[in-house]
Amino acid sequence: MMTACEYRPGLDGVPATQSSISFVDGQNGILEYRGIHIEELAKHSTFLETSYLLIWGVLPTREELADFKHEVQTHRRLKYRIRDMMKCFPESGHPMDALQACAAALGLFYSRRALEDPAYIRAAVVRLLAKIPTMVAAFQLMRKGNDPIQPRDDLDYAANFLYMLTEQEPDPLAAQIFDVCLTLHAEHTINASTFSAMVTASTLTDPYAVVASAVGTLAGPLHGGANEEVILMLEEIGSVENVQPYLETCLERKSKIMGFGHRVYKVKDPRAIILQNLAEQLFEKFGRDHYYDIAIAMEKAVEEKLGHKGIYPNVDFYSGLVYRKLGIPTDLFTPVFAIARVAGWLAHWKEQLEANRIFRPTQIYTGDHNKPYIPIDERNGFVSDSLLPELVAK
Ligand SMILES: CC(=O)SCCNC(=O)CCNC(=O)[C@H](O)C(C)(C)COP(=O)(O)OP(=O)(O)OC[C@H]1O[C@@H](n2cnc3c(N)ncnc32)[C@H](O)[C@@H]1OP(=O)(O)O
Ligand SMILES: O=C([O-])CC(=O)C(=O)O
């Protein structure tokens, strides 16, 4: 029998599912995908191989990976109707809103819900992994007034995205580093957007609705949207000298410092450590970004003030510095996060379907009971001459 549970705002510490996809040890800064440490995957895997691992639970053989890559490659193009729809989007709109609309629009073309059919699952996985980057790049070119460019079959996943975005073939180091960024962002247990995906999935709707709802959730500044906010914050701080006064003001106002803090990690996020390292490699080859000095000063200052509360850089703190060096515009940082997280959302979608029960928690009602309905004309002391009460009583 169920016993009454204590209410925990934000479901803090409340298990909402069982999962074998990923694991976080927030005290020791450990993240594993399917039992493999993130550092190992960052060093040795690729985003598509990691996606396969997350979604199907095992590392693919050489042949399985080649087939998967080929399938993704052949589904990168967008239907002209999706491109036409995108032409109507306001160029001033946020790219996350554009992405959410585009992901949902895929459901118009592929809405058959054969959720018990492994071929349907695979086709949806391939389609979403393939088309989401094309959508992000297409929106970027279209809002500048350019036509989107077609994907290039000779470029792999990460390099092709940078090519479609910048219209230039990327430097091999830049492409490799971007691929590692995607691997790092691919999955993170039951975070807010994944939970959103799982709730949507549990209604047995189609995977495009699942991803669209997750994109909308990722966009918020307390979640994936923080990567954009971090750069805006560093711009506002402007100089290393201004770090301390900026921080003091935030603390006085009790406002959150973007890119810091985490529900689970009470130490520096292991992904932030790798991302910082990647940023340094890019700076070595392409020149230092002066915002990096501000970021380092900020990390030190926040640690001094808030380290005792377990507040350290999260994944969103250094990622923007990497993306800036790769030529990615600031408001595309969160869509880039989404490109990667599609893998995790789909892994959880598939896992949810394997043992589905609709999410329907309970609430603690704090309102009134048995209140009389006061007709609108009587709310200011007037008496109503409406016949409705008599009609209903008859
Ligand atoms: C991909 C991702 O989603 S990673 C997270 C990205 N989000 C951000 O970077 C936004 C800034 N960070 C935050 O808002 C929070 O740390 C979150 C949303 C990530 C986690 O929130 P919660 O687990 O609910 O922590 P909560 O907000 O309760 O904070 C706990 C304490 O730490 C403080 N705290 C947490 N994060 C921060 C921060 N970034 N700046 C200042 N103080 C903070 C809170 O004020 C609170 O202090 P108190 O106990 O004295 O009141
Ligand atoms: O786990 C979380 O709450 C947020 C996060 O770091 C992620 O989604 O990558």
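These numbers come from a predicted model, not from an experiment.

**What about the site of ligand 2?**
As a matter of local geometry, ligand 2 sits amid His188, Asn191, His223, His262, Arg271, Phe337 and Arg341. Contact distances for ligand 2 include 2.7 Å between an oxygen atom and a side-chain N or O atom of His262. Here the residues of the shell around ligand 2 sort into 1 nonpolar, 4 polar and 2 charged.

**Points about the site of ligand 1**
Inspection of the region around ligand 1 gives 19 residues, with His223, Lys256, Ile257, Arg263 and Lys309 positioned closest. Contact distances for ligand 1 include 2.7 Å between a nitrogen atom and a backbone N or O atom of Ile257. Within the side chain of Asn314, one N or O atom sits 2.9 Å away from an oxygen atom of ligand 1. For ligand 1, the accessible surface in isolation is 920 Å², of which the surrounding protein chains cover 68%. Here the residues of the shell around ligand 1 sort into 10 nonpolar, 5 polar and 4 charged.

**Observations regarding the confidence of the model for the protein chain**
Per-residue pLDDT for the protein chain has a mean of 96; in total, 98% of the residues score no lower than 70. Predicted as a complex, the structure gets a pTM of 0.96 and an ipTM equal to 0.99.

**Remarks on the UniProt feature "active site" (unreviewed entry) in the protein chain**
Residues annotated by UniProt as "active site" (unreviewed entry) correspond here to His262 and Asp316. A compact arrangement is adopted by the annotated residues: their sequence extent is 55 residues, whereas the largest C-alpha distance between any two is 10.5 Å. Here His262 shows up in the loop between helix H12 (243-253) and helix H13 (270-286). Residue classification places His262 among the partly exposed residues on the basis of a relative accessible area of 24%. If near-sequence neighbours (up to four positions away) are discounted, His262 is found in contact with His188, Asp269, Arg271 and Asn314. Within the structure, His262 has its side chain in polar contact with the backbone nitrogen of Val264 (distance 2.9 Å). Take Asp316: it is sitting in helix H15 (residues 315-325). Residues in contact with Asp316, not counting those within four places in the same chain, are His223, Gly224, Ala226, Asn227, Val230, Gly259 and Phe337.

**Notes on helix H11 (residues 226-237)**
With 12 residues, H11 ought to run about 16 Å at 1.5 Å a step, and its terminal C-alpha atoms sit 16 Å apart, in line with that. Every buried residue of H11 is listed here: Ala226, Asn227, Glu228, Val230, Ile231, Met233, Leu234 and Ile237. Those residues of H11 hidden inside the fold are in contact with H12, helix H14 (290-306), H15 and helix H16 (333-354).

**Some words on the packing of helix H5 (residues 95-109) against helix H6 (residues 118-143)**
Look at H5 against H6: their axes get within 10 Å of each other, and the N-to-C directions meet at 135°. Relative to H6, the element H5 lies oblique. Seen along the crossing, H5 lies across H6 with a hand that is right-handed. Facing Pro95, Ala98, Leu99, Cys102, Ala103 and Leu106 of H5, the residues of H6 in contact are Leu128, Lys131, Ile132, Met135, Val136, Phe139 and Arg143. A class-by-class count of the residues in the contact of H5 with H6 yields 11 nonpolar, no polar and 2 charged.

**Focus on the side chain of Ser319**
Of note, Ser319 is situated in helix H15. The contact partners of Ser319, leaving out residues within four places of it in the chain, are His185, Asn227 and Leu275.

The rules behind these values
- Residue positions are counted from 1 within each chain, in the order its sequence is given.
- Written order decides the labels, with chains lettered from A and ligands numbered from 1.
- Under the rules for a predicted model, residues below a pLDDT of 70 receive no local features and side-chain atom pairs below 80 are neither given nor counted, while totals for whole chains, interfaces and linings still include all residues.
- To get the side-chain values, all heavy atoms of the structure are used, and hydrogens and water are removed first.
- Note on terminology: near, applied to a residue and a molecule or strand, indicates that one of the residue's heavy atoms is within 4 Å of it.
- Within 3.5 Å is the distance limit for a polar contact, defined as a pair of N or O atoms, with the added protein rule that one can donate a hydrogen and the other accept it, and that residues adjacent in sequence qualify only through two side-chain atoms.
- Each residue gets one of three labels, nonpolar for Ala, Val, Leu, Ile, Met, Phe, Trp, Tyr, Cys and Pro, charged for Asp, Glu, Lys and Arg, and polar for the others, Gly among them.
- Residue exposure ignores everything except the shown protein chains as possible cover, and the areas themselves are Shrake-Rupley values with a 1.4 Å probe.
- The quantity called pLDDT is the predictor's confidence in a given residue, expressed from 0 to 100.
- UniProt positions are given in the numbering used here, feature names are shortened, and annotations may be inferred rather than shown by experiment.
- Each helix corresponds to a stretch of at least 4 residues labelled H or I by DSSP, and each strand to a stretch of at least 2 residues labelled E; elements are numbered beginning at the N terminus.
- For every residue, the accessible area obtained with a 1.4 Å probe (protein chains only) is divided by the maximum for its type, and the residue is called buried under 20%, exposed over 50%, and partly exposed between those limits.
- Two residues qualify as a contact provided that any one of their heavy atoms is within 4.5 Å of a heavy atom in the partner residue.
- Helix span, as expected, comes to 1.5 Å for every residue beyond the first.
- The axes are straight lines fitted to the C-alpha atoms, using for helices just the contacting stretch, and the angles between their N-to-C directions are given from 0 to 180°.
- Roughly parallel covers angles under 35 degrees, roughly antiparallel covers those over 145, roughly perpendicular covers 65 to 115, and oblique covers all other angles.
- The hand of a helix crossing depends on one turn: near helix anticlockwise from the far one by less than a right angle means left-handed, and clockwise means right-handed.

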